[in-house]
Amino acid sequence: MSAPDANNVYIAYSNSTNSRLVVTNSSNGGGNWTTQTILEQIWNPRIATPAVDTVFITYGNFTTNGVRLAKSTNHGASWTTGFVVVGNGTPQSTFKSLAINAPDTNTIYIAYGTSGLDLEIVNSSDQGASWSVQIVANTVTTVDDVSIAAPNADTIYLAYYDSTNVKVANSS
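One structure accompanies this document, and this report is about it. Nothing here was measured: the structure is a model prediction, and the numbers come from that model.

1. Some words on the pattern of salt bridges
Then comes step 1: A complete count under the given rule lists one salt bridge for this structure.
Then comes step 2: A salt bridge links Glu-40 to Arg-20; the shortest N-O distance between them is 3.2 Å. One end of the pair, Glu-40, is in the loop between β3 (34–39) and β4 (42–51); the other, Arg-20, is in strand β2 (residues 20–26), with 20 residues separating them in the sequence.

2. Digging into the sheet that holds β2
Then comes step 1: Strand order in the open sheet formed by three strands is β1-β2-β3, with antiparallel pairing between adjacent strands. Each edge of the open sheet carries a strand with a single partner, namely β1 (9–15) and β3. Direction aside, the axes of adjacent strands within the sheet are offset by 25° on average.
Then comes step 2: As paired strands, β2 and β3 are joined by five bridges and run antiparallel to one another. Looking across to β3, one finds that Thr-24 is bridged to Thr-35.

3. Side note on the layout of surface pockets
Then comes step 1: Empty space within the largest pocket amounts to approximately 170 Å³.
Then comes step 2: Around the largest pocket, the lining residues are Tyr-109, Ile-121, Asn-123, Ser-132, Val-133, Gln-134, Val-136, Ile-156, Leu-158, Ala-169, Asn-170 and Ser-171.
Then comes step 3: For the lining of the largest pocket, the secondary structure elements donating two or more residues are β10 (119–124), β11 (132–137), β13 (155–161) and β14 (166–170).
Then comes step 4: At four residues, β11 tops the list of elements feeding residues into the lining of the largest pocket.
Then comes step 5: Its residues assigned to classes, the lining of the largest pocket shows seven nonpolar, five polar and no charged.

Reading guide: rules and limits
- Per chain, residues are indexed from 1 in the order of the written sequence.
- Local features are withheld for residues below a pLDDT of 70 in this predicted model, meaning they are given only at 70 or higher, and side-chain atom pairs are given and counted only at 80 or more; totals for whole chains, interfaces and linings count all residues.
- For the side-chain quantities, the full set of heavy atoms in the structure was used; hydrogens and water were omitted.
- Between Lys or Arg on one side and Asp or Glu on the other, a salt bridge is scored when a side-chain nitrogen of the former is within 4 Å of a carboxyl oxygen of the latter.
- Runs of H or I in DSSP of at least four residues are treated as helices and runs of E of at least two as strands, each being numbered from the N terminus.
- A pair of strands is considered paired only if DSSP assigns at least 2 bridges between the two.
- Every angle, taken between N-to-C directions, lies between 0 and 180 degrees, and every axis is a line fitted to C-alpha atoms, over only the stretch in contact when it is a helix.
- In this analysis, the protein atoms alone were mapped onto a 1 Å grid. Cavities are point sets where a 1.4 Å probe fits without being able to get out; pockets are open sets with protein on both sides within 12 Å along at least five of seven lines; lining residues have an atom within 4 Å of a point.
- Grid points are joined across faces, edges and corners, and a volume is the space filled by probe spheres set on the points.
- Side-chain classes follow a simple rule in which Ala, Val, Leu, Ile, Met, Phe, Trp, Tyr, Cys and Pro form the nonpolar group, Asp, Glu, Lys and Arg form the charged group, and the remainder, Gly included, forms the polar group.

Now the structure itself:
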């Protein structure tokens, strides 16, 4: 769930019956909701809304594998999908947990754990057109429940559970 202001609320989820990416949103504080199906064969969607009209969703894709990005710049009326974030062709079982944050409409951070037990962050400064990868920690025991927060493009907070403790890191 993400809310860029008090009136606009967005929720992204995977329909458990057929693994479809579903987005529901309200522009009146939850009074009314609009629901739409964006894609099929996805897993673990995560959503960020840096502005009322800009929505980013990261997800894993069962068909093409890897981590992808969908974006809308018109309140979710239409979507551009299929941006390859990382791992094109890599089986979805490689990615254990996803998290997304977008401090502005151009900058996106996605954190994830891999089955190789690395904790990685990818970032884009051009709305998902290109990405750079950084390994934050490797050979950790496990990487579960990844969370990321970026109040601005220069400060990133990252948290994850490593099977015994919650670990927290920051970039500033």
